[in-house]
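Below are the chains, spelled out letter by letter.
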Amino acid sequence: MFFVGFMGAGKTSVARRLARICSVASVDMDTYLERREDRRVKDIFAEDGEDAFRAIETDVLAELAAKDPLLVSCGGGVILREENRAILREGGFVVYLRVTADEAASRISDTSSRPLFQDLAAARARCEERLPLYEAVADVTVDTAGKGVAAIAREVQRLL
Ligand code: S3P
């Protein structure tokens, strides 16, 4: 199962919570990617650029899609490549956690590790632009506005 959504949607926390409830493993794609590459995401962006990061992200997604059962919290931009959208659609159940850029900004305490969440106006535009891409891969959508991790995890559980 995959969790997709914009940065700050709560994908990692919700996947972790649901994994505990269902006694299955969960993995955060960016954490996995950082260990595999032995580099921070922000350093990959700074040193090699976004395209290089996206190529690694596709490899990681394919690797994780082959491991089942596993709850995967995906990086917010995973839906940008058609190749990735195909992996998600074929790879299992996809939960889209919807959040506005403004709410995401209030949840993210440290934007320094997120190179694509530096400026709120740009984040709003990016969030809007990506909406149809998240919807295109989602089996279910959960609106996260004003909800905590436990409530969102319970809602996802009900939808399974
Ligand atoms: C990105 C989201 C980040 C990380 C990278 C790019 C994006 O993951 O993959 O900084 O393009 O939205 P989170 O959604 O876990 O913050």
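Here goes a summary of the coordinates provided. (Residues numbered from 1 in each chain as written. Predicted model: local features only at pLDDT ≥ 70, side-chain atom pairs only at ≥ 80, totals over all residues. Heavy atoms only, no water.)

Every regular strand shows the same layout, with side chains that alternate between the two sheet faces. Among the 5 residues in strand β4 (residues 94–98), 4 count as buried, and that is most of the element. Taken together, the 3 bridges between strand β1 (residues 2–4) and β4 define a ladder with parallel strand orientation. Bridging across to β4, F2 finds its partner in V94. Pairing of β4 with strand β5 (residues 140–143) involves 4 bridges; the strand directions are parallel. In the sheet register, R98 faces β5, and the bridge partner there is D143. (Buried < 20%, exposed > 50% of the residue type's maximum accessible area, 1.4 Å probe, protein only. Helix = DSSP H or I, 4+ residues; strand = E, 2+ residues; numbered from the N terminus. Pairing = 2+ DSSP bridges.)

What follows concerns the sheet that holds β1. Strand order in the open sheet formed by 5 strands is β2-β3-β1-β4-β5, with parallel pairing between adjacent strands. Each having just a single partner strand, β2 (26–28) and β5 make up the two edges of the open sheet. Put simply, the sheet's adjacent strands are angled 20 degrees from each other on average, direction ignored. When β1 meets strand β3 (residues 71–73), the two strands line up parallel, connected through 2 bridges. Bridge pairing in β3 places F3 opposite S73. Here helix α7 (residues 120–137) sits on the sheet in contact with β1 and β4, set at roughly 150 degrees to β4. With respect to the sheet, helix α8 (residues 149–159) is in contact with β1, β4 and β5, its orientation differing from that of β5 by roughly 155 degrees. (Axes fitted to C-alpha atoms, helices over the stretch in contact; angles between N-to-C directions. Contact = heavy atoms within 4.5 Å.)

Close contact between helix α1 (residues 11–22) and α8 brings their axes to 9 Å; oriented N to C, the two are set at 60 degrees. On the basis of the axis angle, α1 is oblique to α8. For the pair α1 and α8, the crossing hand works out as right-handed. Across the interface between the two elements, S13, V14, R17, L18 and I21 of α1 pack against V149, A150, I152, A153, V156 and Q157 of α8. Considering only residue class, the contact of α1 with α8 consists of 8 nonpolar, 2 polar and 1 charged. (Parallel < 35°, antiparallel > 145°, perpendicular 65-115°, else oblique. Left-handed = near helix turned anticlockwise from the far one by under 90°. Nonpolar A, V, L, I, M, F, W, Y, C, P; charged D, E, K, R; others polar.)

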